[in-house]
Amino acid sequence: MANLRTAMDAAFWDLDISSPQTLHGAARAVPGDPFPLEGARASRALRVQQLSFLGNGFPLGIIPSFSPTSQKDLGSFSLQSLFLRPSTSNWWLGLTGQFRPKKLISSIKADLSAVDEWELSTFKEVAKHFIDKSLFSFGLCSQLSLTSASSLMVSTEQHGEKKGRRNRVMLFHQLPFHDITLEAAWPELFIDHKGRYWEVPESISLGLSSLVSESGLRYRFGIHKNGGHPQSVNAINDEAPSALMPGLCAKAAFSYEKSRDLWRQREKQEDGIVKTEQGMVWRPSYDIRLREPHAAISGIIGGTCEAWFGGSREHGDGSSADAKKRSPFGADLFASGCCTFQHGQFRKRYGDLTRVDARLNICSASALAKRVSNLFSSSVNGAKDPLSSPRLNLVFQQQVAGPIVFRVDSKFLLDSSGGRAGPQLEDFTYSLNYSLRLLRSGKVVAWYSPKRKEGMIELRLFEF
C-alpha cells in the first residue's frame, strides 16, 4: 500500500527527500508544498549505515552518485566511501568522504597535452591537482544511545567547493505510543516541488508524533523556527517559499486513514516449498510485503492548523520579506485516496510481480474550493496557487529477473487551465530495486530523477 503518512508529514519540516546534494543523503521537503513522489522519500537508515552495508558489494567500498554542482567544471559524477566507523555498545562514529573526478581528469589532461618535454616541474604541476580541496567533501556523523529509548545524533560536513559547514543535531525519544524529536541544523537544505533547492541559515524543530492506532487515527504537534533569509541554490530570480521565511510556527495536524482489500490471495505455507534436486526447499518471497497478490483501496483525510509568530519584514539586503504575504493563522484540510493492484507473489525468478499504485492527492481543500468558486465568477486572480490542483501519483513495478524490480514513480497535475488538455506530467523517477531476501523487506535502490538530474544508490528497509 502506498505510504499515506506522506499526506500529513508533508505539512511539517522534517520530511526527508533523497538527495545526493548532502553527504547524509537527504534534503527537507518544503512544508505545505504538494506531496512528493512515493519513491522520493529518503531511507530511514542513516547514510553512514547505508555506506557501511553497500560498501560490501562495491569495488573498494566506493559508491557512485550523480548530482549537479554550481561549479560546472566539477561535473555531476561523484564517488562516496566510508573511511572508518569505530563503535562501542552504545556509541558509534562514522567518517565519510566524497570525491569528484571530472575536474581532476580534465586538468591533468590539459597539462599533459601542453607538455613538449617531461620535466620535474611538470610532475609538480600535475600533483597540485590532487590536493585541490574543491574535489573533496567530508562528513562526520556520531550517534550516542542515552537510554534504551533515547538517542543523540550529531553530524557535520564540509564541501570543498563551498564555504562553511553543514551541521545537524537530533535528539530522539521514543514513548510507548509517541515519538518526540528535537532537531537543529545550520544551515538546512530544503527542496520544493519544482526541484529547486533552498538553504535556510538556521532551522530548529520540536515535534511530537503519535503512532498509527488500530482505528487509523494519527496526530502530530510541532514547533519550528526559521532563522535568516533562505538562499537559492539552483533557482534563478525565484521568490523563496513563504514557509521558509524567518519566524516561529506552531502547527498541529490529525489524520484518519483506512484500507480495505477488494480481494487478496493469502499466502499458504506450501506456497514457499519448492522441489529441487536436493529435495524440498523453503523459498520465501524476495520481499515479505510483496508476497500476496491483491487489489485494495485506501484513503486518508486530515487537517492542519498553524500559527506564525514574528518574522522580520526587512532583510539585510533591503528587500521586503515574503512574510507579508504569509497569514499569521491558517487551517486547512487534505485528503488522499489510493488504489493498488498486484499480480504475483514475487517468489519465482521471472514474471512473478506486477504492481500498480494509483493515488489521487488533494493537498489543500481550501485552495481547491477557491479555484472552483473562481470558475463561476468573473473575477480573475493573479498567480495560481500550486495547491489548488489535484495530483495523481502512479507507481509501476515490474520484476525483471529474480530480486531485481524496475520501478517508475510519476506525478501528474490534473489541470487544463494552462491551455493543455488532460493530465500534465509534473515529475517522475526511474529506479532499479534489488530486494534482499535475508532482510525480509530490505532492498538496494538505484534511482535517477531526470527533472533534478540527480541519482544515487540507497539501502532501504521496510519501505516502498
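Just so you know, these numbers come straight off a predicted model, no measurement behind them.

Criteria and cut-off values
- Residues numbered from 1 in each chain as written.
- Predicted model: local features only at pLDDT ≥ 70, side-chain atom pairs only at ≥ 80, totals over all residues.
- Heavy atoms only, no water.
- Helix = DSSP H or I, 4+ residues; strand = E, 2+ residues; numbered from the N terminus.
- Rg over C-alpha atoms; globule rule 2.2 N^0.38 Å.
- Buried < 20%, exposed > 50% of the residue type's maximum accessible area, 1.4 Å probe, protein only.
- Contact = heavy atoms within 4.5 Å.
- Areas by Shrake-Rupley, 256 points an atom, 1.4 Å probe, with all protein chains shown as cover.
- Lys, Arg positive; Asp, Glu negative; His and termini not counted.
- Charge placed at Lys NZ, Arg CZ, Asp CG, Glu CD.
- Axes fitted to C-alpha atoms, helices over the stretch in contact; angles between N-to-C directions.
- Parallel < 35°, antiparallel > 145°, perpendicular 65-115°, else oblique.
- Left-handed = near helix turned anticlockwise from the far one by under 90°.
- pLDDT = per-residue confidence, 0-100.
- 1 Å grid on protein atoms, 1.4 Å probe; cavity = no way out; pocket = protein on both sides within 12 Å on 5 of 7 lines; lining within 4 Å.
- Points joined across faces, edges and corners; volume = space filled by probe spheres on them.
- Nonpolar A, V, L, I, M, F, W, Y, C, P; charged D, E, K, R; others polar.
- Patch = residues over 30% accessible without salt bridge, like charges linked within 9 Å, V, L, I, M, F, W, Y side chains within 5 Å.
- Salt bridge = Lys/Arg side-chain N within 4 Å of Asp/Glu carboxyl O.
- Expected span 1.5 Å × (residues − 1).
- Pairing = 2+ DSSP bridges.
- Phe/Tyr/Trp six-rings, centres within 6.5 Å; stacked < 30°, edge-to-face > 60°.
- Lys NZ or Arg CZ within 6 Å of the ring centre and 35° of its normal.

> Would you mind showing me how to read the overall build of the protein here?
Check the secondary structure of the protein and you find five helices and 25 strands. Whereas a compact globule of 464 residues would reach a radius of gyration of roughly 23 Å, the protein reaches 24 Å, a difference of no more than 12%. Once the C-alpha set of the protein is aligned to its principal axes, its extents read approximately 80 × 75 × 55 Å. Taken over 464 residues, the protein has a buried fraction of 46%. Of all intrachain contacts in the protein linking residues separated by at least 6 positions in sequence, the fraction that spans at least 24 positions is 59%. Working note: accessible area of the protein is about 23800 Å², and carbon and sulfur atoms make up 61% of it. Distance from the positive charge centre (57 side chains) to the negative charge centre (46 side chains) of the protein: 3 Å.

> Would you mind going over the packing of helix α3 (residues 102-113) against helix α4 (residues 120-129) with me for this structure?
A pair of packed helices can be characterised by two numbers: the angle between their axes and the separation between those axes. The N-to-C vectors of α3 and α4 enclose an angle of 165 degrees; their axes lie 9 Å apart at closest approach. Viewed along their axes, α3 and α4 adopt a mutual orientation that is roughly antiparallel. Where α3 crosses over α4, the handedness of that crossing is right-handed. Each of L104, S107, I108, D111 and L112 in α3 lies in contact with α4, whose residues at this interface are E125, V126 and H129.

> Explanation requested: the side chain of T181 in the structure shown.
Within the fold, T181 resides in strand β9 (residues 178-186). Excluding anything up to four places from it in sequence, T181 contacts M170, L171, F172, S205, L206 and G207.

> Explain the confidence of the model for the protein here, please?
Interpreting fine coordinate detail is not advised for predicted regions of low pLDDT. When pLDDT is averaged along the protein, the result is 88; 93% of the residues meet or exceed 70. Segment residues 312-323 is flagged for pLDDT under 50; beyond a separation of four residues in sequence, or across chains, it makes 21 contacts in the model.

> Help me out: how do you make sense of empty space enclosed by the protein in this one?
If a probe the size of a water molecule is rolled over the atoms, the empty space left behind becomes visible. Inspection of every chain in the model, using the stated rule, returns five cavities of 30 Å³ or more. Its volume calculated, the largest cavity comes out at about 260 Å³. Listing elements by their share of the lining of the largest cavity, those giving two or more residues are β1 (16-18), β23 (424-436) and β24 (442-449). Taken together, the residues of the lining of the largest cavity sort by class into eleven nonpolar, six polar and seven charged.

> Explain the side chain of S431 to me, please; I cannot follow it from the model alone.
In this fold, S431 is placed in strand β23. Non-local contacts of S431, meaning those with residues more than four positions away in its chain, are made with V405, F406, R407, V445, A446 and W447.

> Whenever I open this one, a nonpolar patch on the surface confuses me. Can you help?
On the surface, L144, L146, L171, L182, I204, L206, I223, L248 and F309 cluster together into a nonpolar patch covering about 710 Å² of accessible area. Note that L248 resides in strand β15 (residues 247-264).

> Would you explain α3 in this entry?
One turn of the α-helix equals 3.6 residues, which is why residues spaced by three or four share an orientation. Here α3 contains twelve residues, and its C-alpha end-to-end distance of 17 Å stays within 8% of the 16 Å for a straight helix at 1.5 Å per residue. Among the structural elements, β5 (91-99) and α4 are those in contact with the buried residues of α3.

> Even after reading the chapter, I still don't get the sheet that holds strand β11 (residues 197-200), so can you show me in this structure?
Paired through backbone hydrogen bonds, the strands of a sheet run either parallel or antiparallel to each other. Strand order across the open sheet formed by five strands is β1-β2-β10-β11-β14, with mixed pairing between neighbours. Only two strands of the sheet have a single partner each, and these edge strands are β1 and β14 (231-232). Of the pairings in the sheet, the one linking strand β10 (residues 188-191) to β11 comprises four bridges and is antiparallel in character. Across the sheet, E188 pairs through a bridge with V200, a residue of β11.

> What is the right way to read the packing of aromatic side chains from this model?
Given two aromatic rings, their pairing is described by the distance between the two centres and the angle made by the two planes. Scanning all chains against the criterion turns up ten aromatic pairs. Where Y286 meets F346, the ring centres are 5.1 Å apart and the plane angle is 55 degrees; that geometry is what we call tilted. A residue pair is termed long-range when its members are at least 10 positions apart, and Y286 in the loop between β17 (279-282) and β18 (294-309) and F346 in the loop between β19 (329-343) and β20 (354-362) qualify at 60 residues. Neither Y286 nor F346 differs from the other in exposure class; each is buried. Taken together, the ring pairs connect F83, F99, F136 and F138 into an aromatic cluster. Lying across the ring of W308, R326 places its NZ or CZ 3.7 Å from the centre.

> I keep staring at the pattern of salt bridges and nothing clicks. Help me out?
When the charged atoms of two side chains with opposite charge come close together, those side chains can pair. Across all of its chains, the model carries 30 salt bridges by this definition. When the shortest N-O distance is used, the salt bridge between R264 and D261 registers 2.7 Å. Assessed through its relative accessible area of 34%, D261 is described here as partly exposed. Among the charged side chains, a salt-bridge network with shared partners connects D9, D14, R41, R218 and R220.

> Just checking my understanding: could you explain the pairing of strand β4 (residues 77-84) for this structure?
Here is the key point about a regular strand: its side chains alternate between the two faces of the sheet. Note that strand β3 (residues 63-66) and β4 share four bridges and pair antiparallel. By the bridge assignment for β4, F66 is matched with F77. Pairing geometry for β4 and β5, over five bridges, is antiparallel. When the bridges of β5 are listed, S81 appears paired with G97. Connecting β4 to the next strand, β5, in antiparallel fashion are six residues.

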